[in-house]
Amino acid sequence: MALVLLSLLLLLLLPLSLLFLLYLIVRPKPVKIPIKNRHVFITGGSSGIGLALAHRAAQEGARVSILARSLQKLEEAKQSIHLATGIEVATFSADVRDFDAVKKAVDEAGPIDVLVVNQGVFVAQELENQELDEIKFMIDVNLIGSFNMIKAALPQMKKRPNSGPASIALMSSQAGQVGIYGYTAYSASKFALRGLAEALQQEVIGDDIHVTLIFPPDTETPGLEEENKRKPQLTSIIAGSSGVMKAEEVAKKTLNGIKSGSFIVPCNFEGLLLSLATSGLSPQRSVLMAFVEVVTAGLLRLAGLCFQWNWYGSIQSWHAQNKRT
Ligand SMILES: NC(=O)C1=CN([C@@H]2O[C@H](COP(=O)(O)OP(=O)(O)OC[C@H]3O[C@@H](n4cnc5c(N)ncnc54)[C@H](OP(=O)(O)O)[C@@H]3O)[C@@H](O)[C@H]2O)C=CC1
Ligand SMILES: CCCCCCCCCCCCCCCC(=O)[C@@H](N)CO
């Protein structure tokens, strides 16, 4: 018994002292990215999570710009935000796949303090049945569109006049942390954002720009409603492990994550476990979170394996059932 306790103590003390040493060497400074009176530019801000975020940012006194394709949806969003907050948001109609259009919008909007790259499209289907056009569509909008946005906004962001810290936030998905049945193209597009973000953070930290990656679970939005009309049963079963959130809740987590300059922002409890289990070599500003990552790593690998076993069990029984009928 005493031996077990001693080894447990050692197990905790070792990472703790290592982290303390690291802390002494690195001393991460906490960041505070203000929102009030700053220019927040949100792509996909006319619907769902982006719209909820635009509402929230406006409420907190930001100057808000939203970009999306449909003029009608943009106009409706503008009116709903005006009705709720009395604030006029600027709207820009552009397709993120069109760099020139995006560049024009960004130039018109003026220097950005907080860029939220949130536009995204998703159609769940088995790769075998999904048309290549649809696969390319998701990669183009979710990934190349994000490159276009960042490339267009970055030069101005670096020259921003009010010299407070700035933020580039990317809306990934829990399907960007773990591959899910039916999401080959979508998961690929969202995993890719992480590579982009990790590399970009090293490039822009010198300009006091902080990169944030948000990983929501299924979220009640017009986009999800559309997706649910044709979703493989197994996609729903596996994604069901993480429940469904409201767009407003995700928007709140997102804005708080941006303000604290967090690199990774989980949105619910399952998301926290998932982020800990997949922390990899991502930057971590919070010493407390770093500690939690280190001491829970082994256990969370076990938890992750249990989820995988469970999912493969579901896949197996689904196949067994579908052969019988
Ligand atoms: N809802 C969910 O379950 C989850 C969503 N996410 C991610 O959150 C983000 C927002 O999703 P959600 O709110 O559900 O989506 P919605 O479908 O409700 O809204 C998508 C927004 O993106 C805009 N958009 C789509 N394509 C383009 C384009 N080519 N150029 C410019 N704007 C575009 C849309 O406007 P318009 O069509 O007029 O262009 C709209 O404003 C996405 O990146 C999604 O992958 C992550 C996890 C879960
Ligand atoms: C250590 C163990 C952690 C376990 C928790 C695992 C839960 C994973 C569930 C993943 C759900 C993915 C939903 C994607 C939603 C989305 O992006 C779409 N609605 C848009 O297509």
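Residues numbered from 1 in each chain as written. Chains lettered and ligands numbered in written order. Predicted model: local features only at pLDDT ≥ 70, side-chain atom pairs only at ≥ 80, totals over all residues. Heavy atoms only, no water.

As annotated in an unreviewed UniProt entry, the protein chain is 3-dehydrosphinganine reductase from Acer negundo. UniProt lists a comment for the protein chain under the heading Sequence similarities (unreviewed entry), and it reads "Belongs to the short-chain dehydrogenases/reductases (SDR) family." Taken verbatim from the UniProt record of the protein chain, the Subcellular location (unreviewed entry) comment is "Endoplasmic reticulum". (UniProt positions renumbered as here; feature names shortened; annotations may be inferred.)

Novice: Which residues make up the site of ligand 1, and what are the values?
Specialist: Taken together, the neighbourhood of ligand 1 is formed by 32 residues, with S46, S47, R69, Y186 and T221 sitting nearest. One of the side-chain nitrogen or oxygen atoms of K73 is found 3.1 Å away from an oxygen atom of ligand 1. Contact with the protein chains hides 95% of the accessible area of ligand 1, taken as 890 Å² for the molecule alone. Counting only elements with at least two residues in the shell around ligand 1, the list comes to α2 (48–59), α6 (184–204), β7 (218–220) and α7 (222–228). Top contributing element to the shell around ligand 1 by residue count: α7, with three residues. Tallied by class, residues from the shell around ligand 1 come to 13 nonpolar, 13 polar and six charged. (Near = heavy atom within 4 Å. Polar contact = N/O pair within 3.5 Å; in protein donor to acceptor, adjacent residues only side chain to side chain. Areas by Shrake-Rupley, 256 points an atom, 1.4 Å probe, with all protein chains shown as cover. Helix = DSSP H or I, 4+ residues; strand = E, 2+ residues; numbered from the N terminus. Nonpolar A, V, L, I, M, F, W, Y, C, P; charged D, E, K, R; others polar.)

Novice: Kindly report on helix α1 (residues 2–26), identifying the contributing residues and their values.
Specialist: Helix length check: α1 (25 residues) gives 36 Å between terminal C-alpha atoms against 36 Å at 1.5 Å per residue, within 8%. Looking one or two residues beyond α1, the residue adopting positive phi is R27, at roughly 45 degrees. (Expected span 1.5 Å × (residues − 1).)

Novice: Could you give an account of the side chain of Q201, with specific residues and numbers?
Specialist: Mapped onto the elements of the fold, Q201 is located in helix α6. Among residues more than four places away in sequence, those in contact with Q201 are I209, H210, V211, F263 and P283. (Contact = heavy atoms within 4.5 Å.)

Novice: Help me get a handle on the pattern of salt bridges, residues and values and all.
Specialist: Going through the model one piece at a time under the given rule, you end up with twelve salt bridges. A salt bridge links E220 to K246, with the shortest nitrogen-to-oxygen separation between them at 3.1 Å. Here E220 is found in strand β7, whereas its partner K246 is found in strand β8 (residues 244–246), with 26 residues between them in sequence. Note on E220: relative accessible area 45%, which makes it partly exposed. With a relative accessible area of 42%, K246 lands in the partly exposed category. Salt bridges sharing partners connect three or more residues here, namely D218, E227 and K231. (Salt bridge = Lys/Arg side-chain N within 4 Å of Asp/Glu carboxyl O. Buried < 20%, exposed > 50% of the residue type's maximum accessible area, 1.4 Å probe, protein only.)

Novice: Kindly report on the site of ligand 2, identifying the contributing residues and their values.
Specialist: By nearness alone, 20 residues border ligand 2, and F122, S173, Y186, D218 and E227 come closest of all. Contact between ligand 2 and D218: a nitrogen atom at 2.6 Å from a side-chain N or O atom of the residue. At 2.7 Å, a side-chain N or O of E227 approaches an oxygen atom of ligand 2. Contact with the protein chains removes 97% of the 600 Å² of surface that ligand 2 exposes when unbound.

Novice: Help me get a handle on the sheet that holds strand β9 (residues 264–266), residues and values and all.
Specialist: If you trace the seven strands from one edge of the open sheet to the other, you get β3-β2-β1-β4-β5-β6-β9, paired in parallel fashion. Because the sheet does not close on itself, it has two edges, and the strands there are β3 (90–93) and β9. Neighbour to neighbour, the strand axes of the sheet diverge by 15 degrees on average, direction disregarded. The pairing of strand β5 (residues 166–171) with strand β6 (residues 209–215) spans six bridges and is classified as parallel. Note on β6: the bridge partner recorded for S167 is H210. Contacts from α6 reach β5, β6 and β9 within the one sheet, and its direction differs from that of β6 by about 165 degrees. (Pairing = 2+ DSSP bridges. Axes fitted to C-alpha atoms, helices over the stretch in contact; angles between N-to-C directions.)

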